[in-house]
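Listed here are the chains, written in short residue letters.
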Amino acid sequence: AASMSWECACKLLRQRRRSSWRETIVHGIDRALPFALFLTFLCMISASTRIFKTFLCDEFVFDDGSAENGFSQTFRTYLHDDYSLECSTGEYARSRDWAYALIA
C-alpha cells in the first residue's frame with residue numbers, strides 16, 4: 001500500500017511539472033474562488049446592513065413644559081442604532097453622506 005501511494009505521489013508530481021505556470025495559477029484560482037466568494041458574501045451582508053441602518057432615525061416628542069415655547073411640543077430625531085446622535089446634526093450629515101457614497 002505504501003509503494004502504491006508513493007507511485008501515485010510521483011505520478012502527480014510529474015504531471016504538475018509538465019503543466020505551465022498559467023495552468024497552475026488557474027488551478028489555484030479555481031480552488032480558492034468558492035471560499036473567497038463565500039467570505040465576500042458574508043462581509044457584504046454585514047456591511048450593507050450597517051450602511052442602510054444609517055438612514056433609520058427614530059422621532060421623539062420633546063416637551064420641556066416651559067412657557068417660552070408656548071407649551072408646544074417639538075420633535076427630535078435620533079439615529080436608531082445610537083441615540084446619542086441626533087439626526088439634525090452635522091455629524092449625522094457626514095455619516096449619511098458616507099453611507100450614500102458607499103452605496104454608490
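Asks: Go over the overall build of the protein, please, and point to the residues and values.
Replies: Helix and strand counts for the protein stand at 3 helices and 3 strands. Listed by position from the N terminus, the elements making up the protein come as α-α-β-β-β-α. In the protein, which comprises 104 residues, the share counted as buried stands at 9%. Sequence-distant contacts in the protein: of pairs separated by 6 or more residues, those separated by 24 or more amount to 34%. Element-wise, carbon and sulfur atoms account for 62% of the exposed surface of the protein, whose accessible area totals about 9,000 Å².

Asks: An account of the pairing of strand β3 (residues 82–86) is needed here, citing residue identities and associated values.
Replies: Judged from the 2 bridges that link them, strand β2 (residues 74–79) and β3 form a sheet pairing that is antiparallel. Across the sheet, the residue bridging to Y78 is E86, located in β3.

Asks: Please provide a residue-by-residue account of the state of the cysteines, values included.
Replies: Following the criterion strictly, the structure yields 1 disulfide and no others. Each disulfide pairs two cysteine sulfurs, and for C57 the partner residue is C87, the sulfurs being separated by 2.0 Å. Across the S-S bond linking C57 and C87, the dihedral sits near -95 degrees, which makes this disulfide left-handed. Pair noted here: C57 is in strand β1 (residues 57–62) and C87 is in the loop between β3 and α3 (90–103), with a separation of 30 residues, a long-range link.

Asks: Which residues make up the confidence of the model for the protein, and what values go with them?
Replies: Scored by pLDDT, the protein comes out at a mean of 82, with 75% of its residues at no less than 70. Per-element confidence in the protein ranges from a low mean pLDDT of 64 for helix α1 (residues 2–18) to a high of 94 for α3.

Asks: Explain the pattern of salt bridges to me, and be specific about the residues and the numbers.
Replies: Per the counting criterion, the structure on display carries 2 salt bridges. The shortest N-O distance in the salt bridge between D81 and R50 comes to 3.0 Å. Separated by 31 residues along the polypeptide, D81 in the loop between β2 and β3 and R50 in helix α2 (residues 21–52) bring together distant segments of the chain. D97 is paired through a salt bridge with R96; the nearest N and O atoms lie 3.9 Å apart. The exposure class assigned to D97 is partly exposed, which follows from its relative accessible area of 43%.

Asks: Report on α2, specifying residues and quantitative values.
Replies: For α2, which comprises 32 residues, the first-to-last C-alpha distance of 44 Å matches the rise-based estimate of 46 Å (1.5 Å per residue) to within 8%. Along α2, the helix axis deviates most sharply at A32, where the bend reaches about 40 degrees; the proline P34 sits within four residues downstream.

Asks: Tell me about the packing of aromatic side chains, residues and numbers included.
Replies: Using the criterion set out here, one finds 3 aromatic pairs in the structure. Note on F55 and Y100: the rings are 5.0 Å apart at their centroids and 40 degrees apart in plane angle, and the pair reads as tilted. Taken together, the residues span a long stretch of sequence, with F55 in the loop between α2 and β1 and Y100 in helix α3 at a distance of 45 residues. F55 gets classed as partly exposed once you look at its relative accessible area, which sits at 28%. With a centroid separation of 5.5 Å and an interplanar angle of 80 degrees, the aromatic rings of F60 and Y83 are classed as edge-to-face. With F60 in strand β1 and Y83 in strand β3, the pair connects residues that are 23 residues apart, well separated along the chain. Residue classification places Y83 among the partly exposed positions, given a relative accessible area of 43%. Within the aromatic cluster, the residues linked to one another by ring pairs are F60, Y78 and Y83.

Basis of the calculations
Residues numbered from 1 in each chain as written. Predicted model: local features only at pLDDT ≥ 70, side-chain atom pairs only at ≥ 80, totals over all residues. Heavy atoms only, no water. Helix = DSSP H or I, 4+ residues; strand = E, 2+ residues; numbered from the N terminus. Buried < 20%, exposed > 50% of the residue type's maximum accessible area, 1.4 Å probe, protein only. Contact = heavy atoms within 4.5 Å. Areas by Shrake-Rupley, 256 points an atom, 1.4 Å probe, with all protein chains shown as cover. Pairing = 2+ DSSP bridges. Disulfide = S-S within 2.5 Å. pLDDT = per-residue confidence, 0-100. Salt bridge = Lys/Arg side-chain N within 4 Å of Asp/Glu carboxyl O. Expected span 1.5 Å × (residues − 1). Bend = angle between axes of the 7 residues up to and from the residue. Phe/Tyr/Trp six-rings, centres within 6.5 Å; stacked < 30°, edge-to-face > 60°.

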